[in-house]
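Structure at a glance
Residues per chain, in single letters:
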Amino acid sequence: MQGIMRGLSYAESGVDIFKEEEAIKKLRSRIRFNREGIGRYLGGHFAGLIEFGDVALVLCTDGVGSKIMIANEMKRWDTIGIDCIAMNVNDCICIGAEPIAFVDYLAMEKVDPKIAEEIGKGLEEGARIANISIAGGETATLPDMIKGLDLAGTCLGYVEKDKIILGDGVREGDLIVGIESSGLHSNGFTLVRKIIEKAGLSYHDNFPDDLYDGRTIGDVLLTPTKIYVREILHAMGSVDLHALVHITGGGVRNFLRLKRMRYIIDDPIEPQPIFQFIRDLGDVGMREMYQTFNMGMGFSVITSRNEADDLVDLLERKGLGAKVVGHVEKGEGVEIPNLKLKYL
């Protein structure tokens, strides 16, 4: 399918990731207080640590974002709870922690018990996949603030202090193992919606060329975010992992959260058809695609050259698509050489 509009960027669709990064820095600059000996704020990492005796508790929070607007259009809310759990637990494991509990926050323009029940189904399924407990939550009816609904949550995990993984063990010569995503996951949907709606397509239209077995565009977009918890926890007990990266908002730029090194992705995972559909329809540049979407790689693990093959084999036995996608060198930034892309 050929592009039908001038190349649209995430910023032009309303989400500027660089302004978001600046806003986060400003917010962080004003948060200076930590109860002595208790909190450890990790800045740009995926979660925060709390001292708790022999272990560290881990906290992270995230939401589903504007993917919910597609759920509303499709009148299908039974998967966004999985997304909400996934976005949190996948962050939690990036620090070497095991997620154990979750609380959700559901804000609605107008209370609707049926929608709440459907969301509950997804939360239950996500909790089952991640092997966590939902310890509680909060609902709010906010007709003056919310259009439709918003769903977010917070995850609690724990890790033994000597097993915390922050990426400081990454070294030159390490290999980068990429793990397949299930699709878009829960990022970039403001851009996706703008592209589809400007193209005059409906979410109820069948996906072109029967690439998804007759499923509609909306159904493909609502594919739940992959939860990597069980497989990554198993890998932690079998292989020496130097760093873990959730490829979430910001795409491959998430590697910049780690130790300052040069992360070379010279054999990327092939993106699923949904990414090519978005790129062609919106005439989106490849640079923009790789800094907005996961592009087929939802999670990544860095380990030594000697253990990378064992890690790939372990992940594949657990049912995940995985392969070595690159390596680490001295320097800084993230590069995808065959696409001539570099992110600093």
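So, a few notes on the structure that sits alongside this text. (Residues numbered from 1 in each chain as written. Predicted model: local features only at pLDDT ≥ 70, side-chain atom pairs only at ≥ 80, totals over all residues. Heavy atoms only, no water.)

Topic: the packing of aromatic side chains
Heads up, the condition is: To pair, rings of Phe, Tyr and Trp, with the six-membered ring standing in for Trp, must have centres within 6.5 Å; the planes then decide the type, stacked if under 30 degrees apart, edge-to-face if over 60, and tilted in the middle. Note on exposure labels: buried denotes an accessible area under 20% of the residue type's maximum, exposed denotes more than 50%, and partly exposed covers the range between, all computed with a 1.4 Å probe on protein chains only. Here, a charge over a ring means that NZ of Lys or CZ of Arg falls within 6 Å of the ring centre while also lying within 35 degrees of the ring normal.
The tally for this structure, following the rule as stated, stands at five aromatic pairs. Taken together, a centroid distance of 4.8 Å and an interplanar angle of 80° make the contact between F207 and Y212 edge-to-face. For F207, a relative accessible area of 3% gives the class buried. Following the ring pairs from residue to residue traces out a cluster consisting of F207, Y212 and F277. In this structure, R257 packs its charged tip against the face of F46, placed 4.2 Å from the ring centre.

Some points on unusual backbone geometry
To keep it simple, the criterion reads: Numbering of helices and strands starts at the N terminus; helices are DSSP runs of H or I of at least 4 residues and strands are runs of E of at least 2.
Here H185, not a glycine, exhibits a phi torsion of approximately 60°, which is positive. Mapped onto the fold, H185 is located in the loop between β7 (175–180) and α6 (189–198). Its relative accessible area of 2% is what places H185 among the buried residues. Positive phi, close to 50°, is recorded for D283, a residue that is not glycine. By the element assignment, D283 lies in the loop between α9 (273–282) and α10 (286–290).

Points about the pairing of strand β12 (residues 333–336)
Counted only if it meets this: Two strands form a pair only when DSSP identifies at least two bridges running between them.
Alternating residues of β12 divide into G333 and E335 and V334 and I336, and every residue in both groups is buried. As paired elements, β12 and strand β13 (residues 341–343) share three bridges and run antiparallel to each other. Across the sheet, residue E335 finds its bridge partner in β13, namely K342. The hairpin formed by β12 and β13 contains four residues between the paired strands, and K340 there has a positive phi angle of roughly 55°.

A closer look at the packing of helix α4 (residues 80–92) against helix α5 (residues 113–130)
Under the convention used in this document: Only the stretch in contact is used when a helix axis is fitted, and all axes are lines through C-alpha atoms; the angle between N-to-C directions ranges over 0 to 180 degrees. Roughly parallel means an angle under 35 degrees; roughly antiparallel, over 145; roughly perpendicular, 65 to 115; everything else is oblique. Crossing chirality is assigned from the near helix's rotation relative to the far helix, an anticlockwise turn below a right angle marking it left-handed and a clockwise turn marking it right-handed. Here a residue-residue contact requires only that any non-hydrogen atoms of the pair lie within 4.5 Å. Under this grouping Gly is polar, as are all residues other than the nonpolar Ala, Val, Leu, Ile, Met, Phe, Trp, Tyr, Cys and Pro and the charged Asp, Glu, Lys and Arg.
It is the contact of α4 with α5, at a shortest axis distance of 6 Å, that shows an interaxial angle of 40°. The pairing of α4 with α5 is recorded here as oblique in orientation. Where α4 crosses over α5, the two elements pack in a sense that is right-handed. For the pair formed by α4 and α5, the contact residues are I80, G81, I82, C84, I85 and V89 on the first element and I119, G122, L123, E125, G126, A127 and A130 on the second. Class assignment for the residues of the contact of α4 with α5 results in nine nonpolar, three polar and one charged.

Focus: α9
Rules: This arc describes the spread of directions from the helix axis toward the C-beta atoms.
All of the buried residues along α9 are I274, F275, F277, I278, L281 and G282. Each buried residue of α9 sits inside an arc of 160° when the element is viewed along its axis, so together they form one side. Looking at the buried positions of α9, the neighbouring elements they touch are α6, α7 (217–221) and α10.

Section: the pairing of strand β10 (residues 297–303)
Counting buried positions along β10 gives seven out of seven residues, so the element sits mostly inside the fold. Relative to β10, β7 is paired through six bridges, and the arrangement is antiparallel. Opposite L175, over in β10, you have T303 as the bridge partner.

Comments concerning the side chain of N72
Here is the rule: Definition of a polar contact: a pair of N or O atoms within 3.5 Å, with one able to donate and the other able to accept a hydrogen when the atoms are protein atoms, and with sequence-neighbouring residues admitted only if both atoms are side-chain atoms.
Locating N72 in the fold gives a position in helix α3 (residues 67–74). Here W77 takes part through its side chain, which lies 2.6 Å from a polar atom of the side chain of N72.

Purely geometric numbers; function is a separate question.
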